[in-house]
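Structural overview for review
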Amino acid sequence: MSFTVSGVHHVGLTVRDVRRSLDWYGRMFDLEPGPVNHGEGEALSRALQVDGVTLSFAMVQIGGTRVEFLQYHEPPGRDFDRTNGDVGSAHVCLEVDDVAAAYDDLTAKGAVFNAPPITLTDGAFAGSTWAYLRDPDGIQLEIWQSG
């Protein structure tokens, strides 16, 4: 092999409104948004395999990883309608120091969780606690506390 993978630069999420997502993630997780950038043109359309693309994108830094939010102005995309069981579905898991405190704080800020936190009782991750929630576009997120 002539190259080395050194880490994950970013995880991309397509959203309905990049500014709404930056505001929501900033408010929920106390994240500082990066600048909003714009792109369009034939080369971008070819690279993304989306004809006539016009988009905006921005990133937030979470620890050593970035999350990129992409808003496709043209062509407009369909709303997210996947479950965790659908092929291609993904989620972003945020490691926290206290899931119970995060759950209470996020709920007070208006976050909607699928269910209260669950603590794993066996296996390699026994003692770890997690809970799933959704962002304003219905994208699944997870908070995780290692046991």
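A brief look at the structure comes next.

Cut-off values and rules
Residues numbered from 1 in each chain as written. Predicted model: local features only at pLDDT ≥ 70, side-chain atom pairs only at ≥ 80, totals over all residues. Heavy atoms only, no water. Buried < 20%, exposed > 50% of the residue type's maximum accessible area, 1.4 Å probe, protein only. Helix = DSSP H or I, 4+ residues; strand = E, 2+ residues; numbered from the N terminus. Pairing = 2+ DSSP bridges. Axes fitted to C-alpha atoms, helices over the stretch in contact; angles between N-to-C directions. Contact = heavy atoms within 4.5 Å.

1. Regarding the pairing of strand 8 (residues 129-134)
Across the six residues of strand 8, five count as buried, placing the element largely inside the fold. As paired strands, strand 7 (residues 118-119) and strand 8 are joined by two bridges and run antiparallel to one another. Pairing of T119 across the sheet is with T129, part of strand 8. Where strand 8 and strand 9 (residues 140-145) come together, six bridges link them in antiparallel fashion. Bridging from a neighbouring strand, R134 pairs with Q140 of strand 9.

2. Brief notes about the sheet that holds strand 4 (residues 65-74)
A sheet is described by the order of its strands in space; here four strands give the open sequence 1-4-3-2, paired in mixed fashion. Each edge of the open sheet carries a strand with a single partner, namely strand 1 (10-14) and strand 2 (37-40). Mean inter-strand twist for the sheet, computed between neighbouring axes without regard to direction, equals 30°. Against the sheet, helix 1 (residues 18-29) engages strand 1, strand 3 (54-62) and strand 4, with an angle of about 150° to strand 4.

3. Let's talk about the pairing of strand 4
As judged from the five bridges shared by strand 1 and strand 4, these two strands associate in the parallel manner. Its bridge partner being in strand 4, L13 is matched across the sheet by F69. Across nine bridges, the pairing between strand 3 and strand 4 is antiparallel. Bridge pairing links Q61 to R66 in strand 4. Hairpin connection, strand 3 to strand 4: the antiparallel pair is bridged by two residues, and G63 has positive phi, about 60°.

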